[in-house]
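Residue-level structural notes
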Amino acid sequence: NNMIVEIIPCLQDNYSYLIIDKNNNACVIDPSEAKPVIDLVERKKINLKYILNTHHHYDHIGGNEELKKKYSSIVVGYKDDAERIPGINVLVENNQVWKSDNFEAKIIHIPGHTTGHISFHFFNEKLIFTGDTLFSLGCGKIFEGTYQEMFESLNKIKSLPADTKIYCGHEYTLQNSKFCIKHDPENTNLQNKMLEIAKKLEKAQPTIPSTLKDEIECNIFLRAKNVESFSKLRDLKDNF
Ligand code: ZN
Ligand code: FE
């Protein structure tokens, strides 16, 4: 089962992703805009069969309609967000395994950033698309949910195998790392991770994917012991 993931930089700092199977069928995850996705699909002669959305924000669904029209792709999103996800065809729910062609992903409902935020866990390939909930060395802002919900959502992700690859919605890693090191200056794993990040950014490479192991060792939001300390950090980060 050899899938490959292509990273597509979009807008200012978004990442959309293609997950491509051996027959050149693909899903796009969170197409912020259509153009860069179309460019890659055409260049690699890919069949863009599915559009998977983690949540309804414009920088995650902006390309839905155009891609759906051009490639007759099927749009997959959370059932309670059917009104907010353009072109939605397949409504999925928490803990459901979505399976089509060679693609198989468990849907994990992870509210907090938005009430309808989900992640797609491709458990066979050990990778997860976390949208704006878990970032490398950070987590999303709480727009619609509660601190408790966001804390529990991060804990759900934390319980997956440590070698799971993390593909998130934005390149925020450098800025996030500065906040982590400020509050966790003695963390040698974090210090080493920051050196790796600097090397990648020097070469203009994405810092994504991260791994769950790295995040558990280095991400201060995953290291928070309880919802009180998590909430305090989240507030501090909003003004960082
Ligand atoms: Zn968002
Ligand atoms: Fe976003």
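Attention in this report is confined to the structure presented alongside it. Because the structure is predicted, anything quoted here is derived from the model rather than measured. (Residues numbered from 1 in each chain as written. Chains lettered and ligands numbered in written order. Predicted model: local features only at pLDDT ≥ 70, side-chain atom pairs only at ≥ 80, totals over all residues. Heavy atoms only, no water.)

**A few points about the coordination of the iron ion (ligand 2)**
The iron ion (ligand 2) binds to the protein through Asp-59 (OD), His-60 (NE2), Asp-132 (OD) and His-170 (NE2); the donor distances cover 2.1 to 2.3 Å. Coordination geometry of the iron ion (ligand 2): the four donor atoms subtend angles of 84 to 166 degrees at the metal centre, consistent with an arrangement described as irregular. Donor residues binding the iron ion (ligand 2) come from one chain and are separated in sequence as D-H-x71-D-x37-H. Taken as a pair, the iron ion (ligand 2) and the zinc ion (ligand 1) lie 3.3 Å from each other and share Asp-132 as a ligand. Taken together, the residues Asp-59 in helix α2 (residues 58-61) and His-170 in the loop between β13 (165-168) and α5 (173-183) connect sequence positions 111 residues apart. Overall, His-170 belongs to the buried group, its relative accessible area being 4%. (Donors = N, O, S within 2.8 Å, 3.2 Å for Na, K, Ca; no water. Tetrahedral: all angles 85-135°; square planar, octahedral: opposite > 155°, others 65-115°. Helix = DSSP H or I, 4+ residues; strand = E, 2+ residues; numbered from the N terminus. Buried < 20%, exposed > 50% of the residue type's maximum accessible area, 1.4 Å probe, protein only.)

**A closer look at the packing of aromatic side chains**
Considering all chains together, one arrives at 12 aromatic pairs under this definition. A centroid spacing of 5.2 Å and a plane angle of 70 degrees characterise the contact between Phe-179 and Phe-240, whose relative ring orientation is edge-to-face. Of this pair, Phe-179 sits in helix α5 while Phe-240 sits in the segment after α9 (227-238), and the two are 61 residues apart along the sequence. Judged by its relative accessible area of 40%, Phe-240 is partly exposed. Taken together, a centroid distance of 6.0 Å and an interplanar angle of 75 degrees make the contact between Phe-221 and Phe-230 edge-to-face. Residue Phe-221 is classed as buried on the basis of its relative accessible area, which comes to 2%. Judged by relative accessible area, Phe-230 falls into the buried class, the value being 0%. (Phe/Tyr/Trp six-rings, centres within 6.5 Å; stacked < 30°, edge-to-face > 60°.)

**Focus on the packing of α5 against helix α6 (residues 188-202)**
At a closest axis distance of 11 Å, the pairing of α5 and α6 adopts a crossing angle of 160 degrees. Here α5 is positioned roughly antiparallel relative to α6, judged by the angle of their axes. α6 is crossed by α5, and the crossing has left-handed handedness. Contact residues: α5 offers Thr-173, Leu-174, Ser-177, Cys-180 and Ile-181, while α6 offers Leu-190, Gln-191, Met-194, Ile-197 and Leu-201. Its residues assigned to classes, the contact of α5 with α6 comprises seven nonpolar, three polar and no charged. (Axes fitted to C-alpha atoms, helices over the stretch in contact; angles between N-to-C directions. Parallel < 35°, antiparallel > 145°, perpendicular 65-115°, else oblique. Left-handed = near helix turned anticlockwise from the far one by under 90°. Contact = heavy atoms within 4.5 Å. Nonpolar A, V, L, I, M, F, W, Y, C, P; charged D, E, K, R; others polar.)

Geometric values such as these leave the question of function open.
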